[in-house]
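# Descriptive analysis of the structure
One letter stands for each residue in the lines below.
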Amino acid sequence: MAKTILGIKLGMTQIFTEDGKVIPVTVIESGKNVVLRNKTVDTDGYNSVQLGFGEIKENKVNKPMAGQFKKFGVNPVKFIREVRLDSESEYKVGDVIGVDIFAAGDLVDVVGTSKGKGFAGTIKRHHFARGPMGHGSKSHREPGSTGAMLSGPGGRVIKGKKLPGRMGGVRTTIQRLSVVKVDVDRNLLLIKGAVPGPKKGFVVVRETVKPAKKKN
C-alpha cells in the first residue's frame, strides 16, 4: 500500500537546520488514522482501504453512518477517505496508522481544498490581459467576446469558457513536497513549503506519484 495518511493543517512556521539555514514548513497534525474497511476485487470489484480520522460526537453522526461504524466495530470519525490499491490491503479493520509511516526526506503529495476567494473577474481568476485604459475605451477589465456560439443565433456559450465566477474552494494537489521532520510524540508532520487550504483545513498526505529520478 502506498503510504497515505489523513490530517489537519495547523499553519506555517520555520525551522533551522544544523548549518543555520531557515526552512519554511507547514505543520500538519495527523493523529491516529483508523482502518474502517477493506475492499477487495472479489467483493467490490477493486482493492482499496478506507481510512478515518478526527473525533466527532455521536449525536453529530447520521443513522446510515452510525450503522456503518457499528457494523465494523469502530468509533465514529469526522473524516473518511478511500485509498485505491493495486493489491489487497495488509491492514485489518481497527488498525491504527500513525505519522511514523513517513520519515524525514520522504517526498509526498498533499491534497486539500484551496482557500475560497469569492467572486472574481477574468483578470484575477484567469490572468486575462486588461483592455486599453484611455478615456475612449469602454472595456478596461471586461472579459470581451465569448467567441463562437453553439446552435446558431441565440445559441449558448461553449461549455468550459473562461469567464468570471467563484475563485478557489476546489480540490488541489501539490506534488513532490519534502518531509522535513516527523514528530511521533505529538503526531505532527513538518512539510517543506505551503500546502493547499486554510488553517484547520483537512488534507491528505500520500507518497508521491513522482519519485526522485535515479542517477546513472
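Our subject is the structure listed above.
Report on the accompanying structure. Numbers given to residues run from 1 along each chain, matching the order in which its sequence is written. Only residues with pLDDT of at least 70 are given local features in this predicted model, and only at 80 or more are side-chain atom pairs given and counted; all residues enter the totals for whole chains, interfaces and linings. Side-chain numbers here rest on the full set of heavy atoms in the structure, without hydrogens or water.

### Regarding a positive patch on the surface
The patch calculation keeps residues exceeding 30% relative accessible area without a salt bridge and links them within 9 Å when they carry like charges or within 5 Å when they are nonpolar (Val, Leu, Ile, Met, Phe, Trp, Tyr). Areas reported as accessible are Shrake-Rupley estimates using a 1.4 Å probe. Residue values count occlusion only from the protein chains shown. By convention in these notes, a salt bridge is any Lys or Arg side-chain nitrogen within 4 Å of a carboxyl oxygen on Asp or Glu. Only four residue types enter the charge count, namely Lys and Arg as positive and Asp and Glu as negative; His and the chain termini do not. Each charge is placed at NZ for Lys, CZ for Arg, CG for Asp and CD for Glu. On the surface, a cluster of positive charge is made up of K115, K117, K124 and K199. Residue placement: K115 occurs in the loop between β7 (107-113) and β8 (118-120). Per-residue accessibility, obtained with a 1.4 Å probe over protein chains only, is compared with the maximum for each type, and a residue is labelled buried under 20%, exposed over 50%, and partly exposed between these values. K115 sits in the partly exposed class, given a relative accessible area of 49%. Put simply, DSSP marks the helices as runs of H or I at least four residues long and the strands as runs of E at least two long, and each gets a number from the N terminus on.

### Quick look at the sheet that holds strand β5 (residues 77-85)
Strands qualify as paired when DSSP identifies two bridges or more between them. The sheet built from four strands is open, its strands ordered β5-β4-β3-β6 with antiparallel pairing. Whereas interior strands pair on both sides, the edge strands pair on one side only; in this sheet they are β5 and β6 (96-97). Alignment of strand β4 (residues 47-55) against β5, held across eight bridges, turns out to be antiparallel. Within β5, the position partnered with E55 by the bridge is V77.

### Quick look at the environment of V157
Here V157 lies in strand β10 (residues 156-157). Between the C-alpha atoms of V157 and S145, which are 12 residues apart in sequence, the distance is 11 Å.

### Quick word on the sheet that holds β7
Ordered by their spatial adjacency, six strands build a closed barrel running β1-β2-β13-β12-β7-β14, and the pairing between neighbours is antiparallel. For this sheet, the mean angle separating the axes of adjacent strands, direction not counted, is 50 degrees. With five bridges joining them, β7 and strand β14 (residues 202-207) adopt antiparallel strand pairing. Bridging across to β14, G112 finds its partner in V203. Axes here refer to lines fitted to C-alpha atoms; in helices the fit is confined to the stretch in contact. Angles between the N-to-C directions go from 0 to 180 degrees.

### With respect to helix α2 (residues 63-72)
N or O atoms within 3.5 Å of each other form a polar contact, as long as, within protein, one can give a hydrogen and the other can take it, and as long as residues adjacent in sequence are counted only when both atoms are side-chain atoms. One side-chain oxygen at the N-terminal end of α2 lies 2.9 Å from the backbone nitrogen of M65; it belongs to N62. Phi turns positive one or two residues past the end of α2, at G73, with a value near 70 degrees.

### Digging into the environment of V27
Position of V27 relative to the elements: it lies in strand β2 (residues 22-29). Here the alpha-carbon distance between V27 and L188, two residues 161 residues apart in the chain, equals 6.7 Å. Sequence-distant contacts of V27, defined by excluding residues within four places in its chain, comprise I8, K9, L10, G11, T13, L188, L189 and L190. In this description, contact between two residues means that some pair of their heavy atoms is separated by no more than 4.5 Å.

### Considerations on the pairing of β7
For β7, the buried fraction is high: five of the seven residues fall into the buried class. Where β7 meets strand β12 (residues 171-183), six bridges bridge the pair, whose relative direction is antiparallel. Note that in β12 the partner of L107 across the bridge is S178.

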